[in-house]
Structure formats: C-alpha cells, structure tokens
Amino acid sequence: QTHYSALDEINRGNVKQLTKAWSFDTGDAFPDSEMQVNPIVIDRTMFIVSPRLRVFALDAGTGKELWRFDPMEGRKSPNSKKRSRGLTYWTDGRQQRLFFAARQYLYAIDAKTGRLDAAFGQGGKVDLREGLERDPKFLSVASNTPGMIYKDLLILGSTGFTPGHVRAYDVRTGKIAWTFHTIPKPGQVGHDTWPADGWARANGANAWAGMALDEKRGLVFIPTASGGMGDKDFYGADRKGDNLFVSSIVAVDANTGEYKWHFQTTPRDNWDYTATQPIILAELPLGENGAARRVVMQAPKNGFFYVLDAKTGQYISGKAYVPQTWTTGLDAK
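From a predicted model like this one, the values you see are computed outputs, not experimental measurements.

A. Expanded view of the nonpolar core. Judged by nonpolar contacts, the single largest core of 18 residues is most densely connected at Ile155, Val166, Trp178, Phe180, Met211, Ile222 and Val252. Within the residue set of this core, elements represented by two or more residues are strand E10 (148-150), strand E11 (153-156), strand E13 (166-170), strand E14 (176-180), strand E17 (219-223) and strand E19 (248-253). Apart from the residues lying within four places of it in its own chain, the contact partners of Ile222 are Val166, Phe180, Ala207, Met211, Ser248, Ile249, Val250, Val252 and Ile279.

This is the structure:
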C-alpha cells in the first residue's frame, strides 16, 4: 500500500547505474512455490517471509541473516503452495513485536530475537479458528495479508472456509478486543439481508485483500469477498436478499468495531466478484473547485473502479473536478 516514494536519490537518470549490493537465498523454494511477501525494514533490519512460511531477519545493509523463525518448529514442511504477503510491526518504544500468521495460527515474535512472546495467547500464538462462534474443529481459516496496527490493537482479516469476521486482537495478550461480523447476527445492521439463520450457516465475506486505516479519524476500511451458504458461493437460491456484507467496502470504528457505513459493489454476489486489492485511502482534488476530498478506492473483480467519500461512503461521480494540469497518455506527468 505504499504507492510511491518521495525519495529522489534514485531517479530515471541514474537508475541504470544500479548494481546488486547483496542477495539472500532462503533455501525454501520448491516446485510451484511462490513468494508474495512485501518486506518491511525497521531501522536497519529487514523482515521477510519465505515460501515455507519461515520468518527471516536480515541486516538490510549487508543481507546477513540475524535470526529465523520456523512455525513448523523443525517438523518437515510439505511441498504445498503457501501464501504470505508479509508481517505487521508494533512497538511501544520498549517492546518490538512482529505479528505473523501461518496456517491457522497468529504468532507474536520478538523483533530483536526471533523468539515467541510467551505473554501473547498460548505461548506466543493464537488459534484463528477460535472466536468465530462456530465449532473450531470444522473451520479452515488462515490470514495471508498483514493486519493493521491501531494503538494497541492488531486488526486482522482472514480467508478460508469460515465466516469472514474481522477481529481486533490486543497486541500484548492476544485476546479479542472486538469483532465486526461481516455476516451479521440478529440485531446487527444487515442481518435482514440474509435468511434468518444465515449468520449461523453462511461462510465467506472474508477480508483477505488488505484493509486501510485512517489513524487520525479512528476508522478502518474493510474490503470483503463473496460468500454463500456453506461452500456454495455460486448458488444463491437459498440466500435471497442482498447478503451484507458480501462483496462490499465497509467502514468501522477502529476502537470498537462499530459499523459506520458500507457500499456494496455486488449485492447477492453469485459470481465471486471479490475485492482483490487492498483499500486505497487518499486525498484527491475531487471537491468543489478542486478542493481536497478524502476518499477510499477499490477495484474488485467486477471490472469497475470505485471512489467513495471516506466519511460517508457516498459514491463520487465520474464527473468530479479534474485539474487542467493533469494530462493523459504515456507522457503523463
């Protein structure tokens, strides 16, 4: 979600002069493996996740390995495709923690040593199947995309054969501070858009693509996937209604998980028109006479690009003000 860098030491005039300073091989490649991780660098340390979901800390200046963490704890990792887009970093100025999910577990790792934080959850990890108000034995859940840090909360989405509820975890204890039910329970906004028992049987509406946080206003913006009754994403006869919050953009209070607004891109989605990219939060000259307007943007699988007012969720018309200095084409500045 870092869209560009303001740094200008490397530019179009000298980029061709770059040479490789160092390289590091995790040794984890196997047929059909992939590496989607977006590395993060804190001070001089780079943190990455390998194809076998091992965490490595490297000296960012030299590529020297500082430590590694293996969630398999020495057990052989099967050669099956796994996916991680990275880690989340938190510090209170004294402690430094990395939050990282592998399979059904969320881990809290000391960023200096690579050891688990024993105070977090059960010996340093939390089972993501817990807290979804279903029998954990029958759930398949993972979290492939890093969560958002807000104050002392880790706000995390998930993927898998499960309700896609978004949960906020206390970064010190691993306890769930709040849950936003993407498939609403009785009495919650959107419950009447499902069959009466939809909240107890439906799966999906997962927030796996990546959220955005407006830290100043205390709002988190959630993109959701399609969903259905059981495992029937492409069959809708047993779930009449719009099925909130399937295939939607939802704003909730980052402190409490309280619903603020939603915009559903595909009501009662039978086509898997999932939101597949992180929400983009920006200020654009879309107000009156080109005034800055805070917006959230999303481009789901249905082929449309949505620009919404970040405060209200109101759809912004394509006729919005465009400065005359903007140009089009490959020579755009």
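B. Here's a closer look at a nonpolar patch on the surface. A cluster of nonpolar side chains, Ile10, Val15 and Leu18, forms an exposed patch at the surface whose accessible area comes to about 280 Å². You can see Leu18 is positioned in the segment before strand E1 (40-42).

C. Inspection of the sheet that holds strand E20 (residues 259-264) at higher detail. Taken together, the 4 strands give an open sheet; going across it, the order is E16-E17-E19-E20, and neighbouring strands pair in antiparallel fashion. Two strands bound the open sheet, and with one partner strand each, they are strand E16 (212-214) and E20. On average, each strand axis in the sheet is tilted by 15° relative to the strand beside it, whichever way the strands run. Direction of pairing for E19 relative to E20: antiparallel, over a ladder of 5 bridges. Bridge pairing in E20 places Val252 opposite Tyr259.

Conventions we followed
Residues numbered from 1 in each chain as written. Predicted model: local features only at pLDDT ≥ 70, side-chain atom pairs only at ≥ 80, totals over all residues. Heavy atoms only, no water. Core = buried A, V, L, I, M, F, W, Y, C linked by side-chain atoms within 4.5 Å. Buried < 20%, exposed > 50% of the residue type's maximum accessible area, 1.4 Å probe, protein only. Helix = DSSP H or I, 4+ residues; strand = E, 2+ residues; numbered from the N terminus. Contact = heavy atoms within 4.5 Å. Patch = residues over 30% accessible without salt bridge, like charges linked within 9 Å, V, L, I, M, F, W, Y side chains within 5 Å. Areas by Shrake-Rupley, 256 points an atom, 1.4 Å probe, with all protein chains shown as cover. Salt bridge = Lys/Arg side-chain N within 4 Å of Asp/Glu carboxyl O. Pairing = 2+ DSSP bridges. Axes fitted to C-alpha atoms, helices over the stretch in contact; angles between N-to-C directions.

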